[in-house]
Amino acid sequence: MNFMEKSNPIGIFDSGIGGLTVVKQIANFLPNENLIYFGDTARVPYGTKSNSTVIEYAIQDTKFLLEKNVKMIIVACNTVSSVAIEHLRKEFKIPIIGMIDPGSEAALRATKNKRIGVIGTNATINNKAYSSRLKELDENLLIFEKACPLFVPLAEEGWLDHNATRLVAEEYLRELTESKIDTLILGCTHYPILSETIRNVAGKVKLIDSGIAAAKLVEQYLEGRGLKNTSHQLGYHEYYVSDIPQKFKDIAERFLGNKIDNVHKVDLEKLMNYSVKSE
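Residues numbered from 1 in each chain as written. Predicted model: local features only at pLDDT ≥ 70, side-chain atom pairs only at ≥ 80, totals over all residues. Heavy atoms only, no water.

Draft legend 1. View of the layout of surface pockets. Considered as a void within the structure, the largest pocket measures approximately 420 Å³ in volume. Lining the largest pocket are 21 residues; nearest its centre among them are Gln 25, Leu 207, Ile 208, Asp 209 and Ile 212. Those elements that place two or more of their residues in the lining of the largest pocket are helix 1 (20-29), helix 5 (100-110), helix 10 (195-202), strand 8 (206-209), helix 11 (210-224) and helix 12 (245-256). A per-class count over the lining of the largest pocket returns eleven nonpolar, three polar and seven charged. (1 Å grid on protein atoms, 1.4 Å probe; cavity = no way out; pocket = protein on both sides within 12 Å on 5 of 7 lines; lining within 4 Å. Points joined across faces, edges and corners; volume = space filled by probe spheres on them. Helix = DSSP H or I, 4+ residues; strand = E, 2+ residues; numbered from the N terminus. Nonpolar A, V, L, I, M, F, W, Y, C, P; charged D, E, K, R; others polar.)

Draft legend 2. Here's a closer look at the side chain of Asp 182. Inspection of the secondary structure puts Asp 182 in the loop between helix 9 (163-178) and strand 7 (183-187). Within polar-contact distance, the side chain of Asp 182 engages the backbone nitrogen of Lys 112 at 2.6 Å. Within the local environment of Asp 182, its side chain forms a polar contact with the side chain of Thr 183, the two groups lying 2.9 Å apart. When neighbours within four sequence positions are excluded, Asp 182 is seen to be in contact with Thr 111, Lys 112, Asn 113, Arg 115, Val 205 and Lys 206. (Polar contact = N/O pair within 3.5 Å; in protein donor to acceptor, adjacent residues only side chain to side chain. Contact = heavy atoms within 4.5 Å.)

Draft legend 3. Representation of the packing of helix 1 against helix 12. It is at 9 Å that the axes of helix 1 and helix 12 come closest, and there the two elements cross at 45 degrees. When the axes of helix 1 and helix 12 are compared, the pair comes out oblique. Along this stretch, helix 1 crosses helix 12, giving a crossing that reads as right-handed. Facing helix 1, whose interface residues are Leu 20, Thr 21, Val 23 and Lys 24, helix 12 presents Phe 248, Ala 252, Phe 255 and Leu 256. (Axes fitted to C-alpha atoms, helices over the stretch in contact; angles between N-to-C directions. Parallel < 35°, antiparallel > 145°, perpendicular 65-115°, else oblique. Left-handed = near helix turned anticlockwise from the far one by under 90°.)

Draft legend 4. Here's a closer look at the pattern of salt bridges. By the definition in use, this model includes 16 salt bridges. Between Glu 86 and Arg 89 there is a salt bridge whose closest N-O contact spans 3.1 Å. Remark: Arg 89 and Glu 86 occur in helix 4 (residues 85-91); sequence separation between them is three residues, near one turn of the helix. Look at Glu 86 and you get partly exposed, because its relative accessible area is 44%. For Arg 89, a relative accessible area of 32% puts it in the partly exposed group. (Salt bridge = Lys/Arg side-chain N within 4 Å of Asp/Glu carboxyl O. Buried < 20%, exposed > 50% of the residue type's maximum accessible area, 1.4 Å probe, protein only.)

Draft legend 5. Structural context of the sheet that holds strand 5 (residues 115-120). Pairing is parallel in the open sheet, where four strands are placed in the order 6-5-7-8. Each end of this open sheet is capped by a strand with a single partner; those strands are strand 6 (142-147) and strand 8. Put simply, the sheet's adjacent strands are angled 20 degrees from each other on average, direction ignored. Sheet analysis places strand 5 next to strand 7, joined by five bridges and oriented parallel. (Pairing = 2+ DSSP bridges.)

Shown next as structure tokens:
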């Protein structure tokens, strides 16, 4: 397998649908790149699973994308980025970019008072993925974290400007805003969908979308290694899911803001076999 062809696609995976916010940003920054997305919709969410299970699923997802001859992989899932990314980098000889590093570095650049909030799934918050990385970057930072699990179903339901969403946001964000944060990391790829409500509730706080930060890092990486697709045509996008492709399509079109047709279902049993077969 040749990972070094400019025309090879970028592989992106997530536990389900949230990673499409990352797809959208990569498509904005790199419109000529070919993208292959896998959403593990049969086993979503990863945020409630044990670390060992998340690692197992992440290995399977990566092996699936490697069969598509991708030139790099974006882990568009904060849970996997917090739990499994080092395991993936040790196991696979391909560039792998997660959400934690680019999001943390963007937050460090943004903060003025060194008080940073982080919201995410239970797994991301419990693993202290962002706070650990932020402290490595600057030990003088004060980090305030909050798990916000209800944001995911609200985003998928399309309740972007709904009173229930605002009430939930007020409950979740109260202690963070009372802590005088000036920067808030959206530590789950679903959360940018709710950014307007979060911004209205949080007030004058800089929101950090790890998808935007990751897209910028991907662009820098490809340019630095001469792997950026030099075609003048728009790249193709393919979508694969492990369950319910029609539901994925409906929500994906809301997340992406455009119609998609090429959604393919992956056999879950075949996917699970990737953890036992050799590369």
